[in-house]
Amino acid sequence: MAIEKEKLIDMYRVMVRIRTFEDRVFKEFAAGNIPGFVHLYAGEEAIAAGACANLRPDDYITSTHRGHGHLIAKGGKTDRMMAELYGKKTGYNRGKGGSMHIAEVDIGILGADAIVAAGIPIAGGAALSAQMRGTDQVTLCFFGDGATNTTRFHEGVNLASIWKLPIVYVIENNVYAETTPVSYAMNIPNIADRAVAYGIPGKTVDGNDVLAVHEVVGEALARARKGEGPTLVECKTCRYYGHYEGDTQTYRTKQEFEECRKRDPIPRFRKKLIKMGVLTEKDADKINQEMLEELDKAVKFAEESPFPEPRETLEDVYT
Ligand SMILES: Cc1ncc(C[n+]2csc(CCOP(=O)(O)OP(=O)(O)O)c2C)c(N)n1
Ligand SMILES: [Mg+2]
């Protein structure tokens, strides 16, 4: 089915917004302006943008330690996200969560998560709730290749398969879990093949092709909405930066790094949209410029916002 022009432009804008956010975080973190730890999503934008473009506002997502892209694609505002990274009171978690815990339940963001694969049982709970309430809300559950080697993955997908929960599992196969390559950590070329073990569909897609991701995840979501159960979608991609900011990346060759950069999903989609007559060079440049300006404002907002008061330390915190 043809995608409307506005939707195509929106997907492009989301990808550029994510990249601009991540590039700015890279810079501000290096300058010592952001406390804590950050894991950047740059290079993987087509997955979050393509997948989330299928969602309704009342659908849910669960995210990961590398979550900025998912949150932006689900409608998270860059100023409130930046404020959270800066530890400021105006952030989504009032400055107490930081990069790896951003949540905004009102727009279906059930949270980034520092614990690898922890989003899988949370997605199970959200999907079970939708099923029990009799709604057709779906949950999009993002996680990495490394997460698929945990018990949470196997238990979570198995349970979702027998209960036919409305979930789409999106594996972001960026070839590494920290420094461990997938080729070392598993014996199969396509992680989507693990779906066979649970009797659910498994699809492998080029994770740097936003339209391919959009289509495959869209079909899986339609299936989930109809009550036909979960799907495993593996998106093959690569990350631009290190595992975390500060990672020296000695485990990656220069050639590998350059090949990854050549696969950049953003210029690829831009070229396609121009060829399709959806955007002109000028329109695309304007989007880039708007995002740079948005991020300048987001950083200013974060810088000028107050830190939480010491007496607020235990407010809004639960264990
Ligand atoms: C339960 C748990 N074990 C280990 C870690 C440390 N850790 C953080 S990220 C990561 C690798 C995750 O790899 P993957 O799932 O492929 O995601 P990616 O970082 O590549 O996006 C590990 C082992 C953790 N945060 N939680
Ligand atoms: Mg990985």
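The structure we're discussing is the one just above.
The notes below deal with the structure included here. (Residues numbered from 1 in each chain as written. Chains lettered and ligands numbered in written order. Predicted model: local features only at pLDDT ≥ 70, side-chain atom pairs only at ≥ 80, totals over all residues.)

1. Considerations on the overall build of the chain
Turning to step 1, where the next piece is worked out: Per the secondary structure count, the chain includes 11 helices and 7 strands.
Turning to step 2, where the next piece is worked out: Taken over the C-alpha trace, the chain has a radius of gyration of 19 Å; the compact-globule value for 319 residues is 20 Å, and the two agree within 12%.
Turning to step 3, where the next piece is worked out: Taking the principal axes of the C-alpha coordinates as reference, the chain spans close to 50 × 50 × 40 Å.
Turning to step 4, where the next piece is worked out: Buried positions account for 49% of the 319 residues belonging to the chain.
Turning to step 5, where the next piece is worked out: Within the chain, contacts between residues at least 6 apart in sequence are counted, and of these 75% link residues at least 24 apart. (Helix = DSSP H or I, 4+ residues; strand = E, 2+ residues; numbered from the N terminus. Rg over C-alpha atoms; globule rule 2.2 N^0.38 Å. Buried ≥ 20, exposed ≤ 12 C-beta atoms within 10 Å, placed from the backbone. Contact = placed C-beta atoms within 7 Å.)

2. Section: the site of ligand 1
Turning to step 1, where the next piece is worked out: In the vicinity of ligand 1 there are 16 residues, among which Val116, Gly144, Gly146, Ala147 and Ala177 approach most closely.
Turning to step 2, where the next piece is worked out: Class assignment of the residues belonging to the shell around ligand 1 gives a composition of 7 nonpolar, 5 polar and 4 charged. (Near = placed C-beta within 6 Å. Nonpolar A, V, L, I, M, F, W, Y, C, P; charged D, E, K, R; others polar.)

3. Section: the pairing of strand S2 (residues 139–144)
Turning to step 1, where the next piece is worked out: Burial of S2 is extensive: 6 of the 6 residues sit out of reach of the surface.
Turning to step 2, where the next piece is worked out: Of the two faces of S2, both are covered, the one formed by Thr139, Cys141 and Phe143 as well as the one formed by Leu140, Phe142 and Gly144.
Turning to step 3, where the next piece is worked out: As paired elements, strand S1 (residues 60–62) and S2 share 3 bridges and run parallel to each other. Within S2, the position partnered with Ile61 by the bridge is Leu140. (Pairing = 2+ DSSP bridges.)

4. Description of helix H1 (residues 5–30)
Turning to step 1, where the next piece is worked out: Taking 1.5 Å as the rise per residue, H1 with 26 residues should run 38 Å; its terminal C-alpha atoms sit 38 Å apart, in good agreement.
Turning to step 2, where the next piece is worked out: Looking one or two places after H1, you find Gly32, whose phi comes out positive at around 80 degrees. (Expected span 1.5 Å × (residues − 1).)

5. Structural notes on the packing of helix H4 (residues 78–85) against helix H11 (residues 281–304)
Turning to step 1, where the next piece is worked out: Packing of H4 against H11 brings their axes to within 8 Å, and their N-to-C directions diverge by 45 degrees. On the basis of their axis angle, the class for H4 and H11 is oblique. The element H4 and its partner H11 pack so that their crossing is right-handed. The segment H4 lies against H11, with Thr78, Asp79, Met82 and Ala83 engaging Glu294, Leu295, Lys297, Ala298, Val299, Phe301 and Ala302.
Turning to step 2, where the next piece is worked out: The class makeup of the residues in the contact of H4 with H11 is 7 nonpolar, 1 polar and 3 charged. (Axes fitted to C-alpha atoms, helices over the stretch in contact; angles between N-to-C directions. Parallel < 35°, antiparallel > 145°, perpendicular 65-115°, else oblique. Left-handed = near helix turned anticlockwise from the far one by under 90°.)

6. A look at the packing of H1 against helix H10 (residues 265–275)
Turning to step 1, where the next piece is worked out: As a packed pair, H1 and H10 sit with axes 10 Å apart at the nearest point and diverge in direction by 155 degrees. Here H1 lies roughly antiparallel to H10, going by the angle between them. Viewed along their axes, H1 and H10 form a crossing whose handedness is left-handed. Taking contact as the criterion, the partners of Leu8, Tyr12, Met15, Val16 and Arg19 in H1 are, on H10, Pro265, Ile266, Phe269, Arg270 and Leu273.
Turning to step 2, where the next piece is worked out: Residues belonging to the contact of H1 with H10 are distributed by class as follows: 8 nonpolar, no polar and 2 charged.

7. Things to note about the nonpolar core
Turning to step 1, where the next piece is worked out: Ranked by internal contacts, the top residues of the largest apolar core, which has 85 residues, are Met15, Ala49, Leu140, Cys141, Val168, Val170 and Val233.
Turning to step 2, where the next piece is worked out: With near-sequence residues (within four places) excluded, Leu140 lies in contact with Ala51, Cys52, Leu55, Asp59, Ile61, Val168 and Val170. (Core = buried A, V, L, I, M, F, W, Y, C linked by C-beta atoms within 7 Å.)

8. Overview of unusual backbone geometry
Turning to step 1, where the next piece is worked out: Positive phi values are uncommon outside glycine, yet Ala117 reaches one of about 75 degrees.
Turning to step 2, where the next piece is worked out: One non-glycine residue, Val175, adopts positive backbone phi at about 75 degrees.
Turning to step 3, where the next piece is worked out: Looking at the element boundaries, Val175 is found in the loop between strand S3 (167–173) and strand S4 (176–177).
Turning to step 4, where the next piece is worked out: By C-beta crowding, Val175 is classed as partly exposed, having 17 other C-beta atoms within 10 Å.

9. What about the sheet that holds S1?
Turning to step 1, where the next piece is worked out: Strand order in the open sheet formed by 5 strands is S1-S2-S3-S7-S6, and the pairing between neighbours is parallel. Each edge of the open sheet is held by one strand with a lone partner, namely S1 and strand S6 (202–206). Direction aside, the axes of adjacent strands within the sheet are offset by 20 degrees on average.
Turning to step 2, where the next piece is worked out: Each of S3, S6 and strand S7 (231–236) is contacted by helix H8 (residues 210–225), which is oriented at about 170 degrees to S7, the strand it contacts most.

10. Here we look at the pairing of S7
Turning to step 1, where the next piece is worked out: Within S7, 6 of the 6 residues are buried, which leaves it mostly tucked inside the rest of the structure.
Turning to step 2, where the next piece is worked out: Because side chains alternate across S7, one face comprises the buried residues Thr231, Val233 and Cys235, and the other comprises Leu232, Glu234 and Lys236, equally buried.
Turning to step 3, where the next piece is worked out: Pairing between S3 and S7: 6 bridges, direction parallel. Residue Val168 lies in a different strand from S7, and its bridge partner there is Thr231.
Turning to step 4, where the next piece is worked out: Where S6 meets S7, 5 bridges bridge the pair, whose relative direction is parallel. Across the sheet, residue Gly202 finds its bridge partner in S7, namely Leu232.

11. Looking at the environment of Asn190
Turning to step 1, where the next piece is worked out: Examined against the element boundaries, Asn190 turns out to sit in the loop between helix H7 (182–185) and S6.
Turning to step 2, where the next piece is worked out: Each C-alpha atom of the pair Asn190 and Gly242 lies 23 Å from the other, and the pair is 52 residues apart in sequence.
Turning to step 3, where the next piece is worked out: The residues contacting Asn190, other than those within four sequence positions of it, are Thr204 and Glu234.

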